[in-house]
Amino acid sequence: KTMNPVLFLTGKSDIRDKVEGLQQGGDYYLTKHYNFDEFLAVIQMLLERQKRIEEKIKEKFLNKSFLSFAFIGAFNTILSQILYMIFVSFSIAVSTSSLLGDVVPMFFSYFLNMHFTYHEKPNWKSFISFPISYLPGIIINMVMTVIFVNWIGVDKLFAKAFALPLTIPINY
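Residues numbered from 1 in each chain as written. Predicted model: local features only at pLDDT ≥ 70, side-chain atom pairs only at ≥ 80, totals over all residues. Heavy atoms only, no water.

A. The arrangement of the packing of helix 4 (residues 94-117) against helix 6 (residues 135-152) in detail. It is at 9 Å that the axes of helix 4 and helix 6 come closest, and there the two elements cross at 150°. The chirality of how helix 4 crosses helix 6 is right-handed. Note on element contacts: helix 6 touches helix 4 through Ile138, Asn141, Met142, Thr145, Val146 and Val149, opposite Val94, Ser95, Ser98, Leu99, Asp102 and Met106. Of the residues contributing to the contact of helix 4 with helix 6, the split by class is seven nonpolar, four polar and one charged. (Axes fitted to C-alpha atoms, helices over the stretch in contact; angles between N-to-C directions. Helix = DSSP H or I, 4+ residues; strand = E, 2+ residues; numbered from the N terminus. Left-handed = near helix turned anticlockwise from the far one by under 90°. Contact = heavy atoms within 4.5 Å. Nonpolar A, V, L, I, M, F, W, Y, C, P; charged D, E, K, R; others polar.)

Right, here's the structure in full:
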């Protein structure tokens, strides 16, 4: 599958061939001997559709709110890793260090997101509900960090970083 438009220009005019071509991801199916004006109209239509899709993607992912959310998320993740490493270096248990490393930065993340991403004033209702969406990721990250240390033998100072790629898709 591709995001680029796919136009079939072929001599196969059987309906089964057309259906198969479209089911395989084709956007349009022209058979020989096609009209040149129709060909140009199809090309123009496919390019305009592609342009609308690209604009929607830019609108969704390159807007100020999304970028601030991504930046705050990256900041939160880095802070979480640093705090975890500090807690572990003070001989705090891996599971507790992982949990504290995730929970403490969440307070910063909440206030930063409320101000820069959502442009809303913090309130108790959103303050309490904010961490709930992160809870599955926090728990899975803690469990995976412990598994990496106790079963796989990863150095406990870096184990949380190994668990991170498994939990980012859950939290974001």
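The structure having been displayed, the exposition proceeds.
B. Region of the structure containing the side chain of Asp102. Mapped onto the secondary structure, Asp102 falls in helix 4. Look past the residues within four positions of Asp102 in its chain and what remains in contact with it is Ser80, Ile138, Asn141 and Lys160.

C. Quick look at the pairing of strand 2 (residues 28-31). Across four bridges, strand 1 (residues 7-10) lies against strand 2 in parallel orientation. When the bridges of strand 2 are listed, Leu9 appears paired with Leu30. Handedness of the crossover is the feature at issue here: the chain leaves strand 1, passes through helix 1 (residues 15-23), returns alongside strand 2, and the resulting connection is right-handed. (Pairing = 2+ DSSP bridges. Right-handed = clockwise from strand over helix to strand, strands pointing away.)

D. Representation of the side chain of Ser98 within the structure. Position of Ser98 among the secondary structure elements: in helix 4. Assessed through its relative accessible area of 0%, Ser98 is described here as buried. Residue contacts for Ser98: discarding those within four places in its chain leaves Tyr84, Asn141, Met142, Thr145 and Lys160. (Buried < 20%, exposed > 50% of the residue type's maximum accessible area, 1.4 Å probe, protein only.)

E. Structural context of helix 3 (residues 64-89). Compared with the 38 Å implied by 1.5 Å per residue over 26 residues, the 37 Å span of helix 3 between its first and last C-alpha is a close match. Buried residues of helix 3: Ser68, Ile72, Gly73, Asn76, Thr77, Leu79, Ser80, Gln81, Leu83, Tyr84, Phe87 and Val88, and no others. At the exit of helix 3 stands Ser91, carrying a positive phi of roughly 65°. (Expected span 1.5 Å × (residues − 1).)

F. Here's a closer look at the nonpolar core. Counting residues in each nonpolar core, the largest one holds eight residues, listed as Tyr84, Val88, Val94, Phe148, Val149, Val154, Ala159 and Ala163. Those elements that place two or more of their residues in this core are helix 3, helix 6 and helix 7 (159-171). Apart from the residues lying within four places of it in its own chain, the contact partners of Val88 are Ser97, Lys156 and Leu157. Listed in part, the six residues of the second largest apolar core include Met106, Phe130, Tyr134 and Ile138. (Core = buried A, V, L, I, M, F, W, Y, C linked by side-chain atoms within 4.5 Å.)

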